[in-house]
Amino acid sequence: MGTGSSQDYQKIKLRKLGAYFGAEVNGVDLTKKLTSKEVIEITQALAEYEFLVFKNQNISSEDQIRFAEIFGKLSVHPFSPNSEKIPELIIFENDENNPPFGTDIWHSDETFRDSPPMATCLRAIDVPKVGGDTLFSSMSAAYDGLSERMKSYISGLEAIHDFKPFKKLFDNDEAGMKDLHRFELMWPPVTHPVVRSHPVTGRKVVFVNPQFTVQIKGMNEFESRSLLTDLFDLAKIPEYQYRLHWENNTMVLWDNRSVQHYAVHDYWPQRRHLERVTIEGDKPFGSDVVASEESLLGGKSPRPAGVKPGHGNHAPKREFLREIERSK
Ligand SMILES: [Fe+2]
């Protein structure tokens, strides 16, 4: 961390926040269009510091959108509470009648997408004096902290992600199940490398999270479960974390490729109102050769060379296959 020196930043002022990541940005006025030099420096600082905090920015939703659009196209979240007029704008407006949902878990945003967002921009409009903090965890620092053995073990693995937490939002009746099925077809599970290479810095990042990651692809269920539990726990290590206390008019831009975050729900039933926009990203890639299917296979009994364990080629035919044939 911190490879850039202060000479690299002439237009913006940076104050380091965490030991490994995070910086407060001063010297910019987000009510105005930024100059190209300011944009270059903020873009560089985002990749280098992984999240940036802008304080005392009394700006409108339009100002926030204009700022975020500097970094790329904004995306529309299919399951979040979005503004009716501007679907790219997510409105988190929670109070005693509207408890927060699903954000009190470590995650990177929207990794159920084939190309998850590169960054998220969140702005506090009305936040409680105490409670409602957001924790960030550097998953590049987490990777660096692993043993060489563990780094080589997880390199080349892939994990399956899906939109599982949002499935609770569908009604548990026939119509709800029908709607859910439609969205499952629109948002099928996707595969991402377990160790992602950051496209700007080249740093390696542990890219699995308990909100959306469901399995290590091709691995025995019990091996997958124990490995994922260990990797999920990395975000909980205090050395890799920074805890942000929000004040009204604080805005954060985080690099969704390298950090995870956790919204603490301890403020409820007090009111907490924030607005978020999300910037489209690229398809994640790893720097390693993908682990072969053969190398991931286990088996409880010895098997002759060349015979794979599995469930194929059973006779007689399974009933659901007959059913499929009959319906053709
Ligand atoms: Fe989030």
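One can find the structure itself at the top, above this paragraph.
Residues numbered from 1 in each chain as written. Predicted model: local features only at pLDDT ≥ 70, side-chain atom pairs only at ≥ 80, totals over all residues. Heavy atoms only, no water.

Sorry, what's going on with the layout of surface pockets here?
By rolling a water-sized probe across the atoms, one finds the places where empty space is left. Looking at the largest pocket, its volume works out to about 530 Å³. For the largest pocket, the lining is made up of 30 residues, of which P81, F92, F101, G102 and T103 are closest to its centre. Those elements giving two or more residues to the lining of the largest pocket turn out to be β4 (90-94), β14 (259-263) and β15 (272-279). In terms of residues, the lining of the largest pocket owes the most to one element, β4, which gives four residues. Counted by class, the lining of the largest pocket contains 15 nonpolar, ten polar and five charged residues. (1 Å grid on protein atoms, 1.4 Å probe; cavity = no way out; pocket = protein on both sides within 12 Å on 5 of 7 lines; lining within 4 Å. Points joined across faces, edges and corners; volume = space filled by probe spheres on them. Helix = DSSP H or I, 4+ residues; strand = E, 2+ residues; numbered from the N terminus. Nonpolar A, V, L, I, M, F, W, Y, C, P; charged D, E, K, R; others polar.)

So what exactly am I meant to see when it comes to the sheet that holds strand β12 (residues 241-244) here?
Within a sheet, neighbouring strands are paired by backbone hydrogen bonds and run either parallel or antiparallel to one another. Pairing is antiparallel in the open sheet, where three strands are placed in the order β12-β6-β14. What marks the edges here is a single partner per strand, and that holds for β12 and β14. Recorded for the sheet is a direction-independent mean angle of 20° between the axes of neighbouring strands. The pairing of strand β6 (residues 134-138) with β12 spans four bridges and is classified as antiparallel. The residue of β12 that forms the bridge with L135 is R243. (Pairing = 2+ DSSP bridges. Axes fitted to C-alpha atoms, helices over the stretch in contact; angles between N-to-C directions.)

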